[in-house]
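Chain by chain, the residues:
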Amino acid sequence: DGGITQSPKYLFRKEGQNVTLSCEQNLNHDAMYWYRQDPGQGLRLIYYSQIVNDFQKGDIAEGYSVSREKKESFPLTVTSAQKNPTAFYLCASSMGYREAFFGQGTRLTVV
Amino acid sequence: SQQGEEDPQALSIQEGENATMNCSYKTSINNLQWYRQNSGRGLVHLILIRSNEREKHSGRLRVTLDTSKKSSSLLITASRAADTASYFCATDSSHIDRDDKIIFGKGTRLHILP
């Protein structure tokens with residue numbers, strides 16, 4: 001089946017630790033996105049990529065890093081510089097000016 | 001910055017009634033989309049309306065777009081308990097910075113009462 005897969009579903013991070021969230025799509029979409037959602041809030045854009053080996057910062061990129069080495073994959077690393085990483089992270093992909101397809105999200109908690 | 005702002009932030013209605021949510025945005029757009037999110041899940045695309053369209057229907061959903069007022073509305077008719085969710089509008093920002101990024105509003109939390 002075509003779709004977009006995020007893993008893991010739940011992730012726990014210790015203080016000072018980097019963690020990487022996985023996002024894979026087999027929809028052959030060019031564009032991929034990472035959003036952060038805090039409880040009861042909307043989605044804020046962290047990073048996005050229109051093409052392989054290229055990506056741009058969104059509104060809240062500080063403390064995060066990404067790579068786009070393959071069209072299918074857009075992993076997000078939450079670094080120790082992100083002081084308040086506890087949130088729900090959503091990955092999406094789209095083709096041009098069309099609908100975005102979302103993964104089921106990763107819930108990250110600092111312990 | 002968030003392009004779209006939904007109104008109201010929360011809405012509770014009786015099952016069977018119609019639900020209307022509004023979205024305002026700040027700059028010119030290529031299209032406007034509405035998404036639904038069940039608690040703790042990813043977003044699901046509902047409907048897309050292009051900037052040259054004024055109204056679009058899909059099942060019990062009706063979307064309008066007024067580009068002169070930079071606003072859109074989502075109407076859900078004959079609401080059901082299963083419609084309880086958060087609803088977001090989203091716009092593409094290609095007119096702002098030539099990048100095809102999708103920006104979401106803060107959402108309307110809809111609760112259908114039995």
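This structure is a prediction, so every number in the text was calculated from the model and none was measured.

1. Some details on the interface of chain A and chain B
Buried accessible area, meaning the area lost when the parts come together, often serves as the stated size of an interface. The partner chain B presents 25 residues to the 24 residues of chain A that form the contact. Carbon and sulfur atoms supply 49% of the area that chain A and chain B bury against each other, a total of about 2,000 Å² over both sides. Where chain A packs against chain B, one counts zero salt bridges. One can count five residue pairs in polar contact (both at pLDDT 80 or more) joining chain A with chain B. Looking at the side of chain A that touches chain B, the elements with two or more residues in it are strand 4 (31–37), strand 5 (43–51), strand 9 (87–94) and strand 10 (100–102) of chain A. Looking at which element gives the most residues to the side of chain A that touches chain B, the answer is strand 5 of chain A, with four residues.

2. Some thoughts on the pairing of strand 8 (residues 71–76) of chain B
Residues and elements named next belong to chain B. The element strand 8 is largely enclosed, with a buried count of five among its six residues. Of the strand pairs in this sheet, strand 7 (residues 61–66) and strand 8 are connected by six bridges, and their pairing is antiparallel. Note that in strand 8 the partner of arginine 62 across the bridge is leucine 75. Connecting strand 7 to the next strand, strand 8, in antiparallel fashion are four residues, including lysine 70 with a positive phi near 55°.

3. Notes on the sheet that holds strand 8 of chain B
Strands in a sheet are paired, the pairing made by backbone hydrogen bonds, and the direction either parallel or antiparallel. Residues and elements named next belong to chain B. Ordered in space as 1-3-8-7-6, the five strands form an open sheet in which the pairing is antiparallel. Two strands in the sheet have a free side with no partner beyond their single neighbour: strand 1 (5–7) and strand 6 (55–58). Adjacent strand axes in the sheet meet at a mean angle of 20°, parallel and antiparallel pairs treated alike.

4. Details of the state of the cysteines
By the definition in use, this model includes two disulfides over all chains. A sulfur-sulfur separation of 1.9 Å characterises the disulfide bridge that pairs cysteine 23 of chain A with cysteine 91 of chain A. Disulfide cysteine 23 of chain A-cysteine 91 of chain A: torsion about the S-S bond near -75°, hence left-handed. Of the two residues, cysteine 23 of chain A sits in strand 3 (residues 19–25) while cysteine 91 of chain A sits in strand 9, which places them 68 residues apart along the sequence. Cysteine 91 of chain A carries the same exposure label as cysteine 23 of chain A, and that label is buried. Covalently, cysteine 23 of chain B is tied to cysteine 89 of chain B through a disulfide, its sulfur atoms 2.0 Å apart. Disulfide cysteine 23 of chain B to cysteine 89 of chain B: torsion about the S-S bond roughly 65°, handedness right-handed. In this pair, cysteine 23 of chain B is assigned in strand 3 (residues 19–24) and cysteine 89 of chain B in strand 9 (residues 85–92), connecting sequence segments 66 residues apart.

Analysis parameters
- The numbering scheme is per chain: residues are counted from 1 as the chain's sequence reads.
- Written order decides the labels, with chains lettered from A and ligands numbered from 1.
- The predicted nature of this model means local features are confined to residues of pLDDT at least 70 and side-chain atom pairs, given and counted, to a pLDDT of 80 or more, with totals for whole chains, interfaces and linings taken over all residues.
- Hydrogen atoms and water are omitted, and side-chain values are computed over all heavy atoms in the structure.
- Contacts: residue pairs with any heavy atoms within 4.5 Å of one another.
- Defined here as a combined quantity, buried area equals the accessible surface (1.4 Å probe) lost by two parts on assembly, summed across both.
- Salt-bridge detection follows one rule: a side-chain nitrogen of Lys or Arg within 4 Å of a carboxyl oxygen of Asp or Glu.
- Whenever a nitrogen or oxygen atom comes within 3.5 Å of another N or O atom, the pair is scored as a polar contact, on the condition that within protein one atom can donate a hydrogen and the other can accept it, and that pairs from neighbouring residues in sequence are kept only if both atoms are in side chains.
- By definition, any uninterrupted DSSP run of H or I lasting at least four residues is a helix, any uninterrupted run of E lasting at least two residues is a strand, and each is numbered from the N terminus.
- Exposure is judged per residue with a 1.4 Å probe applied to protein chains only, and the accessible area is read against the type maximum: over 50% gives exposed, under 20% gives buried, and values in between give partly exposed.
- At least two bridges found by DSSP between two strands is the condition for calling them paired.
- Fitting a line to C-alpha atoms yields each axis, with helices limited to the stretch in contact; the angle taken between N-to-C directions then spans 0 to 180 degrees.
- The definition used for a disulfide is geometric: two cysteine sulfur atoms within 2.5 Å.

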